[in-house]
Amino acid sequence: MLTRRTEDYLEAILNVTEEKGYSKIKDIAVALEVKPPSVIEMVKKLDKIDFVVYRKYDGITLTEKGREIALIVKDRHDTLKAFLEIIKVPEKIAEKDACTMEHELDEITTKQVKNLVNFVKSAPEYPQWLRYFETFCTTGKHPCEEKVRRLK
Ligand code: MN
């Protein structure tokens, strides 16, 4: 099991590289809100364990091994963020909390969250139960409760 910090670095390097086509110390420092010397120190460690290749002037490149892990973390991130947005967490908070949750959950939990996200996304139309949930969030009452009562 990798540390949260290691996963965060690999994820950030992947994101920056996908965005800019390369990734330099400064970019990672900005992305993770840390000081450049801390990035250099960490990137050197990641280089030693074969997760990245770091060349002072060319920047940081993920190795195959590093990229594999980064893609898993990113997939967890995207899944969790999508889940949080389904349950109506505002985007900014969903982004932040996905980053916390992505390191901690059991694989099975992530898989089931992903199943739920895909289930909702593949629905031919916006799910009725989600509409009910929205009503529930604002009123605290299940909209079907009223229907059932009227039928009795
Ligand atoms: Mn993340």
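Residues numbered from 1 in each chain as written. Predicted model: local features only at pLDDT ≥ 70, side-chain atom pairs only at ≥ 80, totals over all residues. Heavy atoms only, no water.

A. Representation of the overall build of the protein chain in the model. Assigned secondary structure in the protein chain consists of eight helices and two strands. For the protein chain, the sequential pattern of α-helices and β-strands runs α-α-α-β-β-α-α-α-α-α. Computed over C-alpha atoms, the radius of gyration of the protein chain comes to 20 Å, more than 25% over the 15 Å expected from 2.2 N^0.38 for 152 residues, which places it beyond the range of a compact globule. Buried positions account for 32% of the 152 residues belonging to the protein chain. Put simply, 50% of the contacts in the protein chain that link residues at least 6 apart link residues at least 24 apart. By element, 57% of the accessible surface of the protein chain is carried by carbon and sulfur atoms, the whole surface being about 10,400 Å². Distance between charge centres in the protein chain, computed from 28 positive and 27 negative side chains, equals 3 Å. (Helix = DSSP H or I, 4+ residues; strand = E, 2+ residues; numbered from the N terminus. Rg over C-alpha atoms; globule rule 2.2 N^0.38 Å. Buried < 20%, exposed > 50% of the residue type's maximum accessible area, 1.4 Å probe, protein only. Contact = heavy atoms within 4.5 Å. Areas by Shrake-Rupley, 256 points an atom, 1.4 Å probe, with all protein chains shown as cover. Lys, Arg positive; Asp, Glu negative; His and termini not counted. Charge placed at Lys NZ, Arg CZ, Asp CG, Glu CD.)

B. Here's a closer look at the environment of K141. Position of K141 relative to the elements: it lies in the loop between α7 (128–139) and α8 (143–151). For the pair K141 and P36, spaced 105 residues apart in sequence, the C-alpha separation works out to 51 Å. Apart from residues lying up to four places away in sequence, K141 is in contact with T135 and F136.

C. Region of interest: the domain arrangement of the protein chain. For the protein chain, the assigned domains read domain 1 (1–121) and domain 2 (126–152). Look at where the C-alpha atoms of domain 1 and domain 2 centre, and you get two points 38 Å apart. Opposite the six residues of domain 1 that make contact, domain 2 presents six residues. Carbon and sulfur atoms supply 80% of the area buried between domain 1 and domain 2, which totals about 440 Å² over both sides. Two residues, K88 and E134, come together in a salt bridge whose shortest N-O distance is 3.1 Å. Counted by class, the side of domain 1 that touches domain 2 contains five nonpolar, no polar and one charged residues. (Domains from an automatic or database assignment. Buried area = accessible area lost by both parts, 1.4 Å probe. Salt bridge = Lys/Arg side-chain N within 4 Å of Asp/Glu carboxyl O. Nonpolar A, V, L, I, M, F, W, Y, C, P; charged D, E, K, R; others polar.)

D. Focus on the coordination of the manganese ion. Here the manganese ion is held by E11 (OE), E11 (OE), H77 (ND1), C99 (SG), E102 (OE) and E102 (OE), and the distances to it run 2.3 to 2.6 Å. Metal-centred angles of 52 to 151° between the six donor atoms at the manganese ion mark the site as irregular. (Donors = N, O, S within 2.8 Å, 3.2 Å for Na, K, Ca; no water. Tetrahedral: all angles 85-135°; square planar, octahedral: opposite > 155°, others 65-115°.)

E. View of the pattern of salt bridges. Taken as a whole and judged by the stated rule, the model has 10 salt bridges. Ionic pairing is found between D78 and K74, a salt bridge with its closest N-O pair at 3.9 Å. You can see D78 and its partner K74 sitting in helix α4 (residues 64–86), four residues apart, about one turn around the helix. Accessibility expressed as a relative area gives 22% for K74, which makes it partly exposed.

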